[in-house]
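For reference, the chains in residue letters:
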Amino acid sequence: MLPPQPTAPGQYLSVETSDAQLQAACLPGWTQDYMQLSCGQFVGRLIEVKLGPVQVYRETLNQATDERCQGPDDRCTVGMTLSGRGGFLQGRPMEEHSLWVLPANEFIRYRAPHDSDIVVASLDTDALLRHARIVLGRDIAPLLDDAPLRGLTSLTGTRFRRTLGSAIRASASTPALLQHPAALRQLADDVLDACVLALGEAQHDNRLLRDRQHVHRAIVDRAREFILDRRGSAPTVTDLCEQLGMSRRGLHHAFVHVLDISPVAYIRQLRLHEVRRMLVEDGVAVSTAAHAWGFWHLGIFSQYYKAMFGELPSVTARTPGHARLRPLDPRTAGALADQLLLG
């Protein structure tokens, strides 16, 4: 059990968004940046519960997304992929129902696939290690710095998913319990217990992360910085090749390997993404935002924009950001929690 301590009231949040950038900003305590990769209207859902030293959340995304994230200080992360094959975490391919473990303060790179669905516990590292010494009788600190992806037995995976689902369901159905320190301690204790047992029983993946995956991710990151630093100049693939000192074929291979899109598509999508950011966050005119990012033909720009985001840029400009972020319907939130219990 967690030792008795002064406990702030728990927190419960459930939202639905129609914009990847707004989705990234929803998770309390996290620094995140999402870039939508696949074309179409974005729909993201988040249910989050704060239980003292434990934060539990479930997030679903309908579009492939490139995510850059960092959690709260001194909190490690234990999560599970529920659906959506084709995702990559820290450059490694993710399978359904695999456990992922990341130490505190690690910068996370996650390429979410279509219909991504994850359930995650963000945990105070000291609380987790203390709990593990009680439950397992050993120090699990080395496990936090080991391979980020692990296999789980069916029984352990089910227990992990259901325990986190129970915490979410209880908070959603009875918000008043989050005001009671005893209830918060018990819920947090249950989540810590599930995480410790999952870590203790997870099957270690001995496959080494190949160096080229690190290299390819670094190439994409450097290309992104180069493009963003040259706002308005609309750099080309040739510019990227010259800047990075590599061939067009090598650049293409790196982008396809990391993001499953070509460099040409990435350059255009990143510029469209930044135009959308200006329209949603700054409220500027469509022509101003488009020209700022090098789109000189507004008709062609509008076609690209609609294909990417499922709406014309004029619609985005008329829709304030707060209208794209709304509380999740209680029945939908309940159904998402119940799926964790019954799935």
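The following paragraphs examine the structure supplied in this document. Model, not experiment: these values are computed from the prediction. (Residues numbered from 1 in each chain as written. Predicted model: local features only at pLDDT ≥ 70, side-chain atom pairs only at ≥ 80, totals over all residues. Heavy atoms only, no water.)

1. Section: the sheet that holds strand β7 (residues 88-89)
For step 1, the next point in the chain: The sheet built from five strands is open, its strands ordered β2-β5-β10-β7-β8 with antiparallel pairing. Looking at which strands have only one partner, the edges of the open sheet turn out to be β2 (31-36) and β8 (92-93).
For step 2, the next point in the chain: Bridge count between strand β5 (residues 65-70) and strand β10 (residues 108-112): five bridges; the pairing is antiparallel. Its bridge partner lying in β10, Cys69 is registered against Ile108.
For step 3, the next point in the chain: On the sheet, helix α9 (residues 263-282) packs against β2 and β5 and is oriented at approximately 120° with respect to β2. (Pairing = 2+ DSSP bridges. Helix = DSSP H or I, 4+ residues; strand = E, 2+ residues; numbered from the N terminus. Contact = heavy atoms within 4.5 Å. Axes fitted to C-alpha atoms, helices over the stretch in contact; angles between N-to-C directions.)

2. Comments concerning the pattern of salt bridges
For step 1, the next point in the chain: Applying the stated criterion to the full structure yields 16 salt bridges.
For step 2, the next point in the chain: Glu16 serves as the salt-bridge partner of Arg326, at 2.9 Å between the closest nitrogen and oxygen. Highlighted residues: Arg326 in strand β14 (residues 325-327) and Glu16 in strand β1 (residues 11-17), separated in sequence by 310 residues.
For step 3, the next point in the chain: Given the relative accessible area of 35%, Arg326 is considered partly exposed.
For step 4, the next point in the chain: Several salt bridges converge on common partners, so that one network encompasses Asp33, Arg224, Glu274, Arg277 and Glu281. (Salt bridge = Lys/Arg side-chain N within 4 Å of Asp/Glu carboxyl O. Buried < 20%, exposed > 50% of the residue type's maximum accessible area, 1.4 Å probe, protein only.)

3. Focus: unusual backbone geometry
For step 1, the next point in the chain: Here Asn105, not a glycine, exhibits a phi torsion of approximately 65°, which is positive.
For step 2, the next point in the chain: With a phi close to 65°, Asp260 is a non-glycine residue in the positive phi region.
For step 3, the next point in the chain: Structurally, Asp260 can be placed in the loop between α8 (248-259) and α9.

4. Considering the nonpolar core
For step 1, the next point in the chain: Counting residues in each nonpolar core, the largest one holds 42 residues, and the members touching the most others are Leu51, Leu123, Leu128, Phe160, Val191 and Leu199.
For step 2, the next point in the chain: In this view, Val191 contacts Val54, Val56, Ala121, Leu123, Thr163, Leu164 and Ala167; residues no more than four positions away in its chain are not counted. (Core = buried A, V, L, I, M, F, W, Y, C linked by side-chain atoms within 4.5 Å.)

5. A look at the environment of Ala337
For step 1, the next point in the chain: Note that Ala337 resides in helix α13 (residues 330-342).
For step 2, the next point in the chain: A relative accessible area of 0% places Ala337 in the buried class.
For step 3, the next point in the chain: Between the C-alpha atom of Ala337 and that of Thr319, which follows or precedes it by 18 residues, the distance is 30 Å.
For step 4, the next point in the chain: Setting aside chain neighbours within four positions, we find Ala337 in contact with Arg58, Gly165, Ile168 and Arg169.

6. Here we look at the pairing of strand β6 (residues 75-83)
Each regular strand displays side chains that alternate between the two surfaces of the sheet.
For step 1, the next point in the chain: In terms of burial, β6 is a largely internal element, eight of the nine residues being buried.
For step 2, the next point in the chain: With eight bridges connecting them, β6 and strand β11 (residues 116-124) associate as antiparallel partners. The partner of Gly79 across the bridge, within β11, is Val120.

7. Remarks on the packing of helix α2 (residues 125-135) against helix α5 (residues 181-201)
For step 1, the next point in the chain: Closest axis-to-axis distance for the α2/α5 pair is 9 Å, and the angle between their directions is 70°. The orientation of α2 with respect to α5, classified from their angle, is roughly perpendicular. Residues Ala127, Leu128, His131, Ala132 and Val135 of α2 lie in contact with α5, whose contacting residues are Asp189, Leu192, Asp193, Cys195, Val196, Leu197 and Leu199.
For step 2, the next point in the chain: For the contact of α2 with α5, a count of residues per class yields nine nonpolar, one polar and two charged. (Parallel < 35°, antiparallel > 145°, perpendicular 65-115°, else oblique. Nonpolar A, V, L, I, M, F, W, Y, C, P; charged D, E, K, R; others polar.)

8. Topic: the pairing of strand β4 (residues 54-61)
For step 1, the next point in the chain: With eight of eight residues buried, β4 lies mostly within the body of the structure.
For step 2, the next point in the chain: Side chains Val54, Val56, Arg58 and Thr60 of β4 all project onto a buried face; the interleaved residues Gln55, Tyr57, Glu59 and Leu61 project onto the opposite face, where all are buried too.
For step 3, the next point in the chain: Pairing of strand β3 (residues 44-51) with β4, which is carried by eight bridges, proceeds in the antiparallel orientation. Residue Leu46 lies in a different strand from β4, and its bridge partner there is Glu59.
For step 4, the next point in the chain: The antiparallel hairpin formed by β3 and β4 contains two residues in its connecting segment, where Gly52 sits at a positive phi of about 60°.
For step 5, the next point in the chain: Two strands pair when backbone bridges link them, and β4 and β11 are joined in this way by eight bridges, in the antiparallel orientation. In the strand pairing of β11, Val54 is matched with Leu123.

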